[in-house]
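A structural walkthrough
Residues per chain, in single letters:
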Amino acid sequence: MKKQKTDIAVVGFALFSMFFGAGNLLFPPYLGLISGSHWLISLSGFILADVGLSLLVITAAAKCGGELDKVLSRAGNVLAKVVGIASILCIGPLLAIPRTAATTYEMGISPIIGDMGTFVPVIVSVVFFALTLFLTIKPSKVVDIIGKFLTPALLLALAVLIVIGIISPIGEVSNNALINKNLFAEGVSQGYLTMDALGAAAMAAVIIASISDRGYTNENDKVKLTIKAGLVSGLALIVVYGGLTFLGSTLSTAYGVDTPQASLMVVITNSLLGYPGKLVLGMIVSLACLTTSIGLTSASAKYFSSISNNKIKYETVVISICIFSAIVSNFGVSTIIKFSLPVLEIVYPVLIALVIMTLIGKHIKNDNAFKGAAYVTLFVSILSVSSNLLSLTQISDILNSLPLANLGFNWVVPAVIGAVIGGLIKTKEREEVKEAKEA
């Protein structure tokens, strides 16, 4: 029992570090800034879209053996592959992994050394991904390296910053929000940008592999330990998010909504600790981003290796991801975030719908219900993103009139309707299976 508790703690802290990366440092302080004294509202939306959804995804993935495609499979092989690959590319070399290196430079290194030309970000990205490659190439060691060594240092640095910020607030908290938007919905939107829920399914495979290496062979034990590790990670994330959001709110009377997100943590640490604060921030950012880069690179490599039936070696994929991510990271944090949101607002709702249906899948016998929910959600999500990008006012008005639209979940009711209609359409394959069993 003692060994099991230790294993849950180590794996849970490792999972926390895999989740807690670039976006998790960028978005909570920004939510505090724009929300003022109402920061708990936006924080609630953020926690729901980040921690809540991530725990749901980990639970579903654990029950499916840690394989993302199995979570999506009942919606059809084609959609499962498309959503699976899109999800892994988002948390992998296209968006999340490059963002870790870009954030390390802009938040952790640049404030200390200043602007020293365009060659410095390139050098930083090369060194960053060389470390990622070195620490990821042996997947069995990933969780131990992160959970035992890197996470304690990260948590200690964060605790110092948050405690000082609570004891000696930087400034007065504004009584009014700085944006004319639904704060809960804004929190949900920022929660999407962390990409944690997308990464959770892929990370579940890394966690389950680590649990297996620790001597747990029973499948039920693996699922239980994965879920418990997820809860440890979730609680740690909530505490840290609360502290960072509060710190952001103490800037709400001195700074405006146009303040670059990457600058907020620099302002906070400099205000609380002076120049030494920049060193502390550099440590926090570097550790947070490196641990996330390690986790995401390992998870992405496992996925792409598995869908090729291991024809492409894990090590080969790791090397390819590190090289490609090093190139993309030099576009900068703002550019990567700007490109991320439309993609995530299409992929996220489909994944969430299928994860929730997977969790209650035993009660849904007809696969067409999964397909109906998935395709309707995909359609609504594409319409939402298109109407925002192309300023299609009439379509936006219709979508905004849907239930839960003000909370950022305009796809939920259409998804339920799609599932019900799909459930009424008989599945030919299942009928054939039933007839075969009866025979």
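For the structure, check the block above.
A short tour of the structure in this document, coming up.

Rules of the game
Residues numbered from 1 in each chain as written. Predicted model: local features only at pLDDT ≥ 70, side-chain atom pairs only at ≥ 80, totals over all residues. Heavy atoms only, no water. Salt bridge = Lys/Arg side-chain N within 4 Å of Asp/Glu carboxyl O. Buried < 20%, exposed > 50% of the residue type's maximum accessible area, 1.4 Å probe, protein only. Helix = DSSP H or I, 4+ residues; strand = E, 2+ residues; numbered from the N terminus. Contact = heavy atoms within 4.5 Å. Phe/Tyr/Trp six-rings, centres within 6.5 Å; stacked < 30°, edge-to-face > 60°. Lys NZ or Arg CZ within 6 Å of the ring centre and 35° of its normal. 1 Å grid on protein atoms, 1.4 Å probe; cavity = no way out; pocket = protein on both sides within 12 Å on 5 of 7 lines; lining within 4 Å. Points joined across faces, edges and corners; volume = space filled by probe spheres on them. Nonpolar A, V, L, I, M, F, W, Y, C, P; charged D, E, K, R; others polar.

This part covers the pattern of salt bridges. Summed over all chains, the structure comprises 2 salt bridges. Across the pair Lys181 and Glu186 runs a salt bridge, and its minimum N-O distance is 4.0 Å. With relative accessibility at 56%, the residue Lys181 sits in the exposed group.

It is worth spelling out the environment of Gly422 at this point. Looking at the secondary structure, you find Gly422 in helix H18 (residues 412–424). The buried category is assigned to Gly422, whose relative accessible area is 5%. Put simply, Gly422 and Lys5 are 417 residues apart on the chain and 43 Å apart in space, counted from C-alpha to C-alpha. The contacts of Gly422, once residues within four sequence positions are left out, are Asn366, Asn368 and Ala369.

What follows concerns the environment of Ala262. You can see Ala262 is positioned in helix H12 (residues 261–273). For Ala262, a relative accessible area of 13% translates into the label buried. Sequence separation of Ala262 and Val333 is 71 residues, and the distance between their C-alpha atoms is 7.8 Å. Excluding its chain neighbours within four sequence positions, the residues that come into contact with Ala262 are Leu26, Glu106 and Met107.

Here the focus is the packing of aromatic side chains. A complete count under the given rule lists 6 aromatic pairs for this structure. The interplanar angle of 85° and the centroid separation of 4.9 Å between the aromatic rings of Phe46 and Tyr241 together place this pair among those described as edge-to-face. Note that Phe46 is positioned in helix H3 (residues 39–63) and Tyr241 in helix H11 (residues 219–249), a separation of 195 residues in sequence. We classify Phe46 as buried; its relative accessible area is 0%. Residue class for Tyr241 comes out buried when judged on its relative accessible area of 0%. A centroid spacing of 5.5 Å and a plane angle of 75° characterise the contact between Tyr303 and Phe304, whose relative ring orientation is edge-to-face. We classify Tyr303 as buried; its relative accessible area is 7%. Over the ring of Tyr314 we find Lys302, and its NZ or CZ is 5.9 Å from the ring centre.

As a volume, the largest pocket reaches approximately 910 Å³. Lining of the largest pocket is provided by 32 residues; of these, Ser189, Leu341, Glu345, Asn388 and Gly408 occupy positions nearest its centre. Those elements that provide at least two residues to the lining of the largest pocket are helix H9 (183–194), helix H15 (333–359), helix H16 (367–389) and helix H17 (393–400). In terms of residue count, the dominant contributor to the lining of the largest pocket is H16 (7 residues). Each residue belonging to the lining of the largest pocket can be placed in one class, and the counts come to 16 nonpolar, 12 polar and 4 charged.

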